[in-house]
Amino acid sequence: MEPPIYENGRTAALQALPALLLPWYGKNKRDLPWRENTDPYRVLVSELMLQQTRVEAARAHYVRFVRELPDAAALADCPEDKLFKLWEGLGYYSRARNLQKAARAICENGFPETAQALKRLPGVGDYTAGAVASIAFEQPAPAVDGNVVRVLSRYLGDALPAAQLRKRYAAELAPVYPAGRCGDFTQSLMELGATVCLPSSPLCLACPLLARCQTKSDALPLPEKKAERRHTNVTMLLFYAEDRIALCRRKSGVLAGMYGFYTEERALRADELAARLQEAGAGGAAIGRHAAHRHVFSHIEWEIDACLIDCAGCEEAVAAAFGVAFYPIAEVRQALSLPSAYRWALRLFPQQTGAERRAE
Ligand code: SF4
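No experiment lies behind these values; they were computed from the predicted model shown. (Residues numbered from 1 in each chain as written. Predicted model: local features only at pLDDT ≥ 70, side-chain atom pairs only at ≥ 80, totals over all residues. Heavy atoms only, no water.)

Focus: helix α11 (residues 166-173)
Given 3.6 residues per turn, any residue in an α-helix points the same way as the ones three and four places further on.
Here's step 1: Those residues of α11 lying buried are Tyr169, Glu172 and Leu173. Around the axis of α11, the buried residues are gathered within 95 degrees of arc, so they sit on the same side. The exposed set on the far side of α11, more than 90 degrees from its buried face, consists of Lys167 and Ala171. (Buried < 20%, exposed > 50% of the residue type's maximum accessible area, 1.4 Å probe, protein only. Helix = DSSP H or I, 4+ residues; strand = E, 2+ residues; numbered from the N terminus. Arc of directions from axis to C-beta.)

Right, dumping it as structure tokens:
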């Protein structure tokens, strides 16, 4: 790969963008319903609709939405049921709520015309504010989304993850916005990312930036560094009494609301465990064997020390002190949905407990 374009070369490469992209955009832009005019309300609706929704999925919704609610006043007065019906299928209903709140603010105070002022509307962040300001109000306000970062990181040869480039590109693009063509320039960058500079296998031979592109492949931007998993020591207490085993529902954190064995997110020493049982009035419980196990969630890794505890005769005390309830092991094995972080421990219980022994 060629080295990135630095300093003057970089500035020149950025300045060359409008001349390279605008003629290409004029010839190749897709015919999309929100491109029929640059009415600010319509631009805002389309940009909020396109957040987390593909163009094809948004197209029919957009047409219906602006036909039913053609301006901010109509949206501001729209009953919630009707609004949600018009939004049905797009998901993330908070966007619809925000759009209505924004319409009410616009009816009260007028349509903000700068990116800075647009960002005060509910649901409008840097990207949407830049898109509306440039497309509807011809402001030199960059709208840097994933598509734009992809195009520029490849064009300029910036070997960094996208998250580290977004702000920099917004600052670098603003001075090269061409007067009178701000909206087209924003859309040309988006369009190139959406139709030519694809995430994988970009269509470089059809790209107007090919001659100056530093990458000419999908090697950039670099993948985001994955957050390191947090390692947590977990003590898992496997209480049982004859043919029944003790479960509880996790109240918070990972697997909240799910059935599982009693756990504490720390390493519990043997003397601490014995003292806890004594305090609970379950001094007669027999602490059995331990088993180590690692369970990996997406962001956390549990280093589990599971400990079998036979509490026949003192189940009530254990249930009260540890907030668990006892269930027949056969029922748990067959009918309960136990997450895999716990399910592995079922095999640790004595193979033949209570009913199984009696059934022999
Ligand atoms: S030449 Fe290829 S990699 Fe470079 S901007 Fe165009 S499509 Fe993207």
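Thoughts on empty space enclosed by the protein
Here's step 1: Enumeration according to the criterion identifies two cavities of 30 Å³ or more in this entry.
Here's step 2: Empty space within the largest cavity amounts to approximately 110 Å³.
Here's step 3: Around the largest cavity, the lining comprises 15 residues; the ones closest to its centre are Arg154, Cys197, Cys204, Cys207 and Cys213.
Here's step 4: Top element by residues in the lining of the largest cavity is helix α10 (residues 146-156). It accounts for three residues.
Here's step 5: Across the lining of the largest cavity, the residue classes break down as 12 nonpolar, one polar and two charged.
Here's step 6: By volume, the second largest cavity is sized at about 30 Å³.
Here's step 7: If you trace the second largest cavity, you find it lined by Thr235, Leu268, Arg269, Leu273, His290, Asp305 and Cys307. (1 Å grid on protein atoms, 1.4 Å probe; cavity = no way out; pocket = protein on both sides within 12 Å on 5 of 7 lines; lining within 4 Å. Points joined across faces, edges and corners; volume = space filled by probe spheres on them. Nonpolar A, V, L, I, M, F, W, Y, C, P; charged D, E, K, R; others polar.)

Things to note about the site of the ligand
Here's step 1: Surveying the vicinity of the ligand reveals the residues Arg154, Cys197, Pro202, Cys204, Cys207, Leu210, Cys213, Lys216 and Ser217.
Here's step 2: Here the residues of the shell around the ligand are counted per class, giving six nonpolar, one polar and two charged. (Near = heavy atom within 4 Å.)

A word on the packing of helix α3 (residues 40-50) against helix α9 (residues 126-137)
Here's step 1: Running from amino to carboxyl end, α3 crosses α9 at an angle of 150 degrees, the nearest separation of the two axes being 9 Å. Crossing angle aside, the handedness with which α3 passes α9 is right-handed. The residues of α9 that touch α3, namely those facing Pro40, Val43, Leu44, Glu47 and Leu48, are Tyr127, Thr128, Ala131, Val132, Ile135, Ala136 and Phe137.
Here's step 2: Considering only residue class, the contact of α3 with α9 consists of 10 nonpolar, one polar and one charged. (Axes fitted to C-alpha atoms, helices over the stretch in contact; angles between N-to-C directions. Left-handed = near helix turned anticlockwise from the far one by under 90°. Contact = heavy atoms within 4.5 Å.)

With respect to the layout of surface pockets
One way to see where empty space is left: roll a probe the size of a water molecule over the atoms.
Here's step 1: Counted as a void, the largest pocket has a volume near 580 Å³.
Here's step 2: Elements that contribute at least two residues to the lining of the largest pocket include exactly α3, α4 (55-68), α9 and α12 (182-195).
Here's step 3: Counting residues per element, the lining of the largest pocket draws most heavily on α12, at six residues.
Here's step 4: In terms of residue class, the lining of the largest pocket is built from 10 nonpolar, nine polar and 10 charged.
Here's step 5: Considered as a void within the structure, the second largest pocket measures approximately 380 Å³ in volume.
Here's step 6: Residue lining of the second largest pocket: 17 residues in total, with Lys119, Asp126, Tyr127, Pro142 and Ala170 positioned closest to the centre.
Here's step 7: When contributions to the lining of the second largest pocket are tallied by element, the ones reaching two or more residues are α8 (115-118), α9 and α11.
Here's step 8: A total of four residues in the lining of the second largest pocket trace back to one element, the largest contributor, which is α9.
Here's step 9: Residues that form the lining of the second largest pocket fall into these classes: nine nonpolar, three polar and five charged.

Brief notes about the nonpolar core
Across soluble globular proteins, nonpolar side chains have a tendency to be buried as a group.
Here's step 1: Leu17, Leu44, Phe65, Leu173 and Phe185 are the most contacted members of the largest nonpolar core, which totals 70 residues.
Here's step 2: Per element, the largest residue contribution to this core is eight residues, and it comes from α9.
Here's step 3: Discounting chain neighbours no more than four positions away, the residues touching Leu44 are Leu99, Ala102, Ile106, Phe111, Leu121, Val124, Thr128 and Val132. (Core = buried A, V, L, I, M, F, W, Y, C linked by side-chain atoms within 4.5 Å.)

As for the domain arrangement of the protein
Here's step 1: Each domain of the protein was delimited in the assignment, giving domain 1 (7-212) and domain 2 (230-359).
Here's step 2: Spacing between the C-alpha centres of domain 1 and domain 2 amounts to 52 Å. (Domains from an automatic or database assignment.)

Details of the pattern of salt bridges
Here's step 1: Per the counting criterion, the structure on display carries 20 salt bridges.
Here's step 2: Measuring nitrogen to oxygen at the nearest pair gives 3.5 Å for the salt bridge that ties Glu272 to Arg266.
Here's step 3: The exposure class assigned to Glu272 is partly exposed, which follows from its relative accessible area of 21%.
Here's step 4: One salt bridge connects Arg294 with Glu301, and the closest N-O pair in it is separated by 3.2 Å.
Here's step 5: Residues joined by salt bridges that share partners form a network here, namely Arg10, Asp158, Arg168 and Glu172. (Salt bridge = Lys/Arg side-chain N within 4 Å of Asp/Glu carboxyl O.)

Things to note about α10
Here's step 1: Of all 11 residues that make up α10, nine are buried, and the element is covered over most of its length.
Here's step 2: Of the residues making up α10, those classed as buried are Val148, Val149, Arg150, Val151, Leu152, Ser153, Arg154, Tyr155 and Leu156.
Here's step 3: Once α10 ends, the next one or two residues include Gly157, with phi positive near 75 degrees.

Notes on the environment of Pro175
Here's step 1: Turning to its location among the elements, Pro175 is positioned in the loop between α11 and α12.
Here's step 2: Accessibility expressed as a relative area gives 65% for Pro175, which makes it exposed.
Here's step 3: Counting along the chain gives 35 residues from Pro175 to Pro140, while the straight-line C-alpha distance between them is 7.5 Å.

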